[in-house]
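Next come the chains, spelled out residue by residue.
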Amino acid sequence: MPETVLDLTLDGPALTAALVDHRSVSGEEKPLADAIEQALRLLPHLTVDRHGNNIVARTHLGRAERVVLAGHIDTVPVAENLPSRLDENGILWGCGTSDMKSGVAVQLRIAATVPEPNRDLTFVFYDNEEVAAHLNGLGHVADAHPDWLTGDFAILLEPSDAQVEGGCQGTLRVHLRTEGERAHSARSWMGSNAIHAAAPILARLAAYEPRRPVIDGLEYREGLNAVGIEGGVATNVIPDACTVVVNYRYAPDRSMEEAEAHVREVFADCGVSEFVVDDHTGGALPGLSHPAAAAFMAAVGGTAQPKFGWTDVSRFSALGVPAVNYGPGNALLAHKRDEHVAVAKITHCEERLREWLTA
Ligand SMILES: [Zn+2]
């Protein structure tokens, strides 16, 4: 296969199209990672490191602050939406246009065109974001080379419609079990019904009033919901076991320990016989009060929005680096067959970042 050369002198939209046409479904990122590494190595102001298909490029200018610009280079499977197509309304169509090759193009444009930024810069390009968390390239770099990711502030160029989205909520899933005693349903008084025993759990969930805490000026919205229920042995048997699966989405002012303690407390007197944590990932504080973040907000303008879903910003948060999402794509179009991006948003994001980094 001929080597593909990425031309970083292309403008943001054209570079996005080139990246989109360079298909890189999760697990097949190597050729694109090679091309990105090769293009970055031609830039004398950057040192380039590689771990697997993850590329990290850095300036070393001795500036007072270091900012990380990060993005994943993989996409979900192609849905008959390649090659890319630019229409007459300035919309670029194709797999990965929004999520998030337009963001990667902005990273590469800043890397190529801002040789003397006012803050030291770290560019991170990583693989396997769209698949299971243990494969995530950013996680692998964080484990193997945490020093490559140090900084005062990080920006993930994930699709956010050119708005700043701060932090992200945590998510906890627990299985609440109730017990009973089996009996023939013709003689139900001989047993005790575990499904009926789940009633206090459901009542507590239905009456629960979720918090809406304001953190760094952003209002988060929590949620505590049943997302599954299982029970029953046969249609003529009083069931002896029932499980309610509960998902708690919580604001990032709560630690993982506090979140779990809260859910235990909510169901403390509901007759739960077993409380099993099935899955738990912490949230990330928006960090917008950090000076670097505040300067960034002033430069890009607009009002920051809270991020309700879980994103890789929490990986930076775990490393002690406050992080936000800010990218040209639109999250609502991600993973869709008709995925697209407005080229004006790509140019806008690139210009805002360049202004902030050269002011
Ligand atoms: Zn993404």
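(A) Quick look at the overall build of the protein chain. Scanning the protein chain from terminus to terminus reveals 10 helices and 19 strands. A buried classification covers 52% of the 359 residues belonging to the protein chain. For the protein chain, the accessible area works out to roughly 15800 Å², and carbon and sulfur atoms hold 52% of it. One finds the centroid of the 29 positive side-chain charges in the protein chain at a distance of 2 Å from the centroid of its 49 negative side-chain charges.

(B) Expanded view of the coordination of the zinc ion. Coordination sphere of the zinc ion, protein contribution only: His 72 (NE2), Asp 99 (OD) and Glu 158 (OE), at 1.9 to 2.2 Å. Taken in sequence order, the residues that donate to the zinc ion follow the motif H-x26-D-x58-E. Taken as a pair, His 72 in strand S3 (residues 66–72) and Asp 99 in helix H3 (residues 97–113) lie far apart in primary sequence, 27 residues in all. Residues His 72 and Asp 99 agree in their burial class; the two are buried.

(C) Quick look at the packing of aromatic side chains. Taken as a whole and judged by the stated rule, the model has 5 aromatic pairs. Measuring from centroid to centroid gives 6.3 Å for Phe 153 and Trp 356, while their planes differ by 90 degrees, and the two rings are edge-to-face. One end of the pair, Phe 153, is in strand S7 (residues 153–156); the other, Trp 356, is in helix H10 (residues 343–358), and 203 residues separate them in sequence. Among the aromatic residues, those joined into a cluster by ring pairs are Phe 153, Phe 296, Tyr 326 and Trp 356.

(D) Focus on the pattern of salt bridges. Tallied over the full model, the rule gives 22 salt bridges. As a salt-bridge pair, Lys 307 and Glu 165 come within 3.2 Å of each other at their nearest N and O atoms. Taken as a pair, Lys 307 in the loop between strand S17 (305–306) and helix H9 (313–318) and Glu 165 in strand S8 (residues 165–166) lie far apart in primary sequence, 142 residues in all. Its relative accessible area of 16% is what places Lys 307 among the buried residues. Taking the relative accessible area as the measure of exposure, Glu 165 reaches 14% and is therefore buried. Linking Asp 278 and Arg 173 is a salt bridge whose minimum nitrogen-to-oxygen distance equals 2.6 Å. You can see Asp 278 sitting in strand S16 (residues 274–281) and its partner Arg 173 sitting in strand S9 (residues 170–179), a full 105 residues away along the chain. Arg 173 sits in the partly exposed class, given a relative accessible area of 30%.

(E) Up close: the environment of Leu 69. Within the secondary structure, Leu 69 is located in strand S3. Between the alpha carbons of Leu 69 and Ala 234 there is a distance of 56 Å; along the sequence they are 165 residues apart. Not counting the four nearest positions on each side in its chain, Leu 69 is found in contact with Gln 107, Ile 110, Thr 122, Phe 123, Val 124, Ile 155 and Leu 157.

(F) Inspection of unusual backbone geometry at higher detail. For the bond running from Leu 82 to Pro 83, omega is -5 degrees, close enough to zero to count as cis. Note that Pro 83 resides in the loop between S3 and strand S4 (85–86). Between Asp 99 and Met 100 the backbone carries a cis peptide bond, its omega angle lying at -10 degrees. Inspection of the secondary structure assignment puts Met 100 in helix H3. Look at Asp 216: it is not a glycine, yet its phi comes out positive at around 50 degrees.

Procedures and definitions
Residues numbered from 1 in each chain as written. Predicted model: local features only at pLDDT ≥ 70, side-chain atom pairs only at ≥ 80, totals over all residues. Heavy atoms only, no water. Helix = DSSP H or I, 4+ residues; strand = E, 2+ residues; numbered from the N terminus. Buried < 20%, exposed > 50% of the residue type's maximum accessible area, 1.4 Å probe, protein only. Areas by Shrake-Rupley, 256 points an atom, 1.4 Å probe, with all protein chains shown as cover. Lys, Arg positive; Asp, Glu negative; His and termini not counted. Charge placed at Lys NZ, Arg CZ, Asp CG, Glu CD. Donors = N, O, S within 2.8 Å, 3.2 Å for Na, K, Ca; no water. Phe/Tyr/Trp six-rings, centres within 6.5 Å; stacked < 30°, edge-to-face > 60°. Salt bridge = Lys/Arg side-chain N within 4 Å of Asp/Glu carboxyl O. Contact = heavy atoms within 4.5 Å.

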